[in-house]
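Examining the three-dimensional arrangement
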Amino acid sequence: MRYISTRGDATPRAFCEILLEGLAPDGGLYLPERYPRVDAATLSRWRGLSYADLAFEILSLYIDDIPAADLRALCRRTYTRDRFGSEAIVPLRGLEAGLSIEALSNGPTLAFKDMAMQLLGALFEYELARRGERLNILGATSGDTGSAAEYAMRGKRGVQVFMLSPHGRMSPFQQAQMYSLRDANIHNIAIEGVFDDCQDIVKAVSADLDFKRRHRIGSVNSINWARLLAQVVYYFAGWSQAASHGHERVSFAVPSGNFGNVCAGHIARMMGLPIGRLIVATNENDVLDEFFRSGRYRVRGAAETHETSSPSMDISKASNFERFAFDLLDRDAVRTRALFGALAAGEGGFSLDAATLERCSRDFGFVSGRSTHADRLATIRDAWQRHGTMIDPHTADGLKVARALRLPGERVVVLETALPVKFASTIVEALGREPERPAALAGIEALPRRVQVLPADAQRVKALIAAADVGA
Ligand SMILES: *Cc1c(COP(=O)(O)O)cnc(C)c1O
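As a starting point, this report considers the structure included with it. (Residues numbered from 1 in each chain as written. Predicted model: local features only at pLDDT ≥ 70, side-chain atom pairs only at ≥ 80, totals over all residues. Heavy atoms only, no water.)

Here we come to unusual backbone geometry. Residues other than glycine seldom take positive phi values, yet Arg-216 does so here, at roughly 50°. Among the secondary structure elements, Arg-216 is positioned in the loop between α10 (209–214) and β8 (217–218). Arg-216 gets classed as partly exposed once you look at its relative accessible area, which sits at 38%. A positive phi angle is found at Arg-331, which is not glycine, with a value near 60°. Arg-331 gets classed as partly exposed once you look at its relative accessible area, which sits at 23%. (Helix = DSSP H or I, 4+ residues; strand = E, 2+ residues; numbered from the N terminus. Buried < 20%, exposed > 50% of the residue type's maximum accessible area, 1.4 Å probe, protein only.)

Below is the structure:
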């Protein structure tokens, strides 16, 4: 399998060549040159597999430059009961007729990003050792991504993580989750500023190409192809649990921000998994809902990007959306480049014609809806009072939209993207009580912390990286 860019760079690249990369050199996103098709006989054989072995089967369709025995071992080490809390890894629980919830958030940081990030940690360590290289991951976080990256990379040989977060602005639980990690290769850096200051520092450091090369600076952002690929697996696992027979179609409702999660669903559907519809749920930051309703894709500026109670979906543009657009445009890289190459940060957009828009639902199964703070609270309350299940605000957005759009007889799986304990204040607002907390996380706020506070100054961050980069 070879990988190409959505913007036309057709240099064929193997999986491990793009594993440690973000964007393609031409600014596009990597996609496989084609989607392998999975037939009904294969699907039925896969139904009996453990999650780890299912992951191996799917990954090996896309990865031909890691020996099979090594890849299987990496999957088996990653997707364990110990790490994800159950044998099923992503267990389904029924809610009401036709609706169930697939738990993707029982990994180390209690959010679905662990599903991909944990595998990425194992793949990075493997590939860096094979090349005799090291990597310094630099990132900015306001919550979920940073902690998932740290828990994935902790103790991994050849990798260090430098994670910037806004000093004092994350929830007490999120701070405790990150800052209590004491592994030598994890560097928590609390910046005296807001999240945007953290992001500006990451940009400034990465723009210094000499520093970037000398210190092997990399990232683990949501456009990384390996992350997307790892996420394809739980659509297969969810379908297997929900479908009562081999041809039954199952739809998925996906709380969405950067379009990474639901893009993995699109890929699973292109592979032949019997997915009915892909129901995209947004919060008040409705870039995606606006597109699927009107054909208009419009990047938002800072003033129009709202801080909501489902903060991991607060986006101004959907970074993975270009991948789906490329498929929608029949993989016309010239058109994709024309549409996306001109989008500047914070502004710009395009409109597709009505016939192309119609193909989103007819040929690709996409529909969308939007959820607000009031919807979120009402949905959390309803799930708790009528079904005795506590859901987090992001999952509530998914459930709200699933209920609004579900057709008679349609079987819909809502993806649970985080556990409620991560967003305690919204749970208290909805239910008047504190969220449940997994026993292993009791009292983490009291653990000793490893964090350095720095002013919002890229030079200071560079100095810290240089001092810690022992391989340089
Ligand atoms: C990241 C995240 C999302 C959004 O996922 P995308 O892949 O960016 O669409 C939704 N919910 C939670 C809890 C998240 O952490």
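We now examine the site of the ligand. Taken together, the neighbourhood of the ligand is formed by 15 residues, with Lys-113, Asp-144, Gly-257, Asn-258 and Asn-261 sitting nearest. Interatomic distance of 3.2 Å between a backbone N/O atom of Gly-260 and an oxygen atom of the ligand. A distance of 2.9 Å is found between an oxygen atom of the ligand and a backbone nitrogen or oxygen belonging to Asn-261. Summarising the interface, the protein chains cover 96% of the accessible area of the ligand, which totals 390 Å² for the free molecule. (Near = heavy atom within 4 Å. Polar contact = N/O pair within 3.5 Å; in protein donor to acceptor, adjacent residues only side chain to side chain. Areas by Shrake-Rupley, 256 points an atom, 1.4 Å probe, with all protein chains shown as cover.)

Attention now moves to helix α8 (residues 172–179). Each α-helix winds once per 3.6 residues, and so residues spaced three or four apart point in a common direction. Most of α8 sits out of view: seven of its eight residues are buried. Buried residues of α8: Phe-173, Gln-174, Gln-175, Ala-176, Gln-177, Met-178 and Tyr-179, and no others. Here the buried face of α8 lies against α7 (144–153), β6 (159–166) and β7 (186–192). (Contact = heavy atoms within 4.5 Å.)

Take the sheet that holds strand β3 (residues 92–96) next. Spatially, the six strands line up as an open sheet ordered β3-β4-β14-β9-β10-β13, and their pairing is mixed. A strand with exactly one partner marks an edge of an open sheet, and here the two such strands are β3 and β13 (366–370). Averaged over all neighbouring strand pairs, the angle between strand axes comes to 25°, with direction disregarded. Relative to strand β4 (residues 99–103), β3 is paired through four bridges, and the arrangement is antiparallel. Across the sheet, residue Gly-94 finds its bridge partner in β4, namely Ser-100. Helix α12 (residues 260–270) rests against β9 (250–255), β10 (275–282), β13 and β14 (412–416) of the sheet, and its axis sits at about 170° to β10. (Pairing = 2+ DSSP bridges. Axes fitted to C-alpha atoms, helices over the stretch in contact; angles between N-to-C directions.)

Before going further, it helps to examine the environment of Ser-219. Along the polypeptide, Ser-219 turns up in the loop between β8 and α11 (225–242). With relative accessibility at 27%, the residue Ser-219 sits in the partly exposed group. For the pair Ser-219 and Met-163, spaced 56 residues apart in sequence, the C-alpha separation works out to 10 Å. Dropping the residues within four chain positions of it, Ser-219 is found in contact with Ile-137 and Leu-138.

Counting 115 residues, the largest nonpolar core has Tyr-235, Phe-259 and Phe-321 as the members making the most contacts within it. Residue contributions to this core peak at 13 residues, all from α11. If near-sequence neighbours (up to four positions away) are discounted, Tyr-235 is found in contact with Phe-252, Val-254, Asn-261, Val-262, Ala-264, Gly-265, Ala-268, Leu-273, Ile-275, Leu-278 and Leu-415. Counting residues in hydrophobic clusters, the runner-up holds 21 residues, among them Ile-279, Ala-281, Ala-402 and Val-412. (Core = buried A, V, L, I, M, F, W, Y, C linked by side-chain atoms within 4.5 Å.)

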